[in-house]
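Tertiary structure, described
In case you want the letters, here they are:
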Amino acid sequence: MTTKVIRAEHLLWMAPVLFICMIYISSSLDRMMVFYLGEYFMISYSFITGFFLIALLIPFLLHIVLRKTGMRNLMISWAHILLSVFMAATVTFIFNKNLPINVNWRYHVGELGSFQTWEYYNSLGLQFVRLFLILQALFSVYGITTIAMYYMARISQRNEEIQDSMYEDAAADYPQQMIA
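A brief report on the enclosed structure follows. (Residues numbered from 1 in each chain as written. Predicted model: local features only at pLDDT ≥ 70, side-chain atom pairs only at ≥ 80, totals over all residues. Heavy atoms only, no water.)

Concerning the side chain of Ser-44
Along the polypeptide, Ser-44 turns up in strand E2 (residues 39-44). Residues in contact with Ser-44, not counting those within four places in the same chain, are Asp-30 and Arg-31. (Helix = DSSP H or I, 4+ residues; strand = E, 2+ residues; numbered from the N terminus. Contact = heavy atoms within 4.5 Å.)

What follows is the structure, encoded as structure tokens:
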């Protein structure tokens with residue numbers, strides 16, 4: 001394989017799929033339980049894979065466009081890729097290790113250690129999901145802004161070239177006067 005085929009941005013779609021496959025094979029359950037906005041949700045690993053892939057679609061395309069236009073900042077690109085892969089792994093592994101609990105434990109009078117642990121990891125996983133989405137939004141804004149500035153500069157440059165060529169054409173139409 002050549003470097004034209006293997007690119008760092010491919011980690012954005014390969015890593016979540018690999019994480020979910022590893023968890024799906026090693027997990028005792030095929031779903032995870034999440035408590036969000038006062039409701040319990042049972043979410044399958046295939047849904048999580050789809051969620052990550054949809055969230056990473058625009059940043060992935062922006063990486064490709066930034067690389068092709070030559071406007072890619074290597075540090076920002078690698079930081080985005082590595083942080084995205086790290087957060088995707090963190091979210092999937094947190095929810096994999098945080099096994100579902102009895103939903104009635106929330107209303108138990110005394111403190112249940114297992115429920116508190118589950119609630120802590122649930123909120124931690126949701127925080128990483130929020131950070132993941134914020135990271136994708138920030139990179140998308142950066143990428144779109146950089147691409148827009150690149151094309152605005154090209155349009156400005158093209159307009160200047162057209163203006164210069166029009167001036168040269170206009171100067172060529174008039175005969176020059178010879179001064180003796």
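Description of the packing of helix H2 (residues 45-69) against helix H3 (residues 74-97)
At a closest axis distance of 12 Å, the pairing of H2 and H3 adopts a crossing angle of 175 degrees. If you check the angle between H2 and H3, you find them roughly antiparallel. Here Tyr-45, Ile-48, Phe-52, Leu-56, Pro-59 and His-63 of H2 lie close against H3, whose contacting residues are Ser-77, His-80, Ile-81, Ser-84, Ala-88, Val-91, Thr-92 and Asn-96. Looking at the contact of H2 with H3 residue by residue, the classes come out as 8 nonpolar, 6 polar and no charged. (Axes fitted to C-alpha atoms, helices over the stretch in contact; angles between N-to-C directions. Parallel < 35°, antiparallel > 145°, perpendicular 65-115°, else oblique. Nonpolar A, V, L, I, M, F, W, Y, C, P; charged D, E, K, R; others polar.)

What about H2?
With 25 residues, H2 should cover 36 Å at 1.5 Å per step; its first-to-last C-alpha distance of 36 Å lies within 8% of that length. If you look at H2, its biggest bend is around 40 degrees, right at Leu-57, and the proline Pro-59 turns up within four residues after that. (Expected span 1.5 Å × (residues − 1). Bend = angle between axes of the 7 residues up to and from the residue.)

Regarding the nonpolar core
One finds Met-32, Val-34, Ile-48, Phe-52, Val-91, Phe-95 and Phe-132 to be the most contacted residues of the largest nonpolar core, which totals 28 residues. Setting aside residues up to four positions removed in sequence, Met-32 forms contacts with Phe-41, Met-42, Ile-43, Tyr-45, Ile-48 and Phe-95. Met-33, Ile-101, Phe-115 and Trp-118 belong to the second-largest nonpolar core, a separate cluster that totals 5 residues. (Core = buried A, V, L, I, M, F, W, Y, C linked by side-chain atoms within 4.5 Å. Buried < 20%, exposed > 50% of the residue type's maximum accessible area, 1.4 Å probe, protein only.)

Quick notes on the environment of Ser-123
Locating Ser-123 in the fold gives a position in helix H4 (residues 113-173). On the basis of relative accessible area, Ser-123 is assigned to the partly exposed category, the value being 36%. Taking C-alpha positions, Ser-123 is 8.2 Å from Phe-35, a pair spaced 88 residues apart along the chain.

Quick look at the packing of aromatic side chains
In this structure the tally under the stated criterion is 8 aromatic pairs. Arranged with centres 4.7 Å apart and planes meeting at 50 degrees, the rings of Phe-35 and Tyr-40 form a pair that is tilted. Where Tyr-40 meets Trp-118, the ring centres are 6.1 Å apart and the plane angle is 35 degrees; that geometry is what we call tilted. Taken as a pair, Tyr-40 in strand E2 and Trp-118 in helix H4 lie far apart in primary sequence, 78 residues in all. Among the aromatic residues, those joined into a ring-pair cluster are Phe-35, Tyr-40 and Trp-118. (Phe/Tyr/Trp six-rings, centres within 6.5 Å; stacked < 30°, edge-to-face > 60°.)

Coordinates in, geometry out; function isn't part of it.
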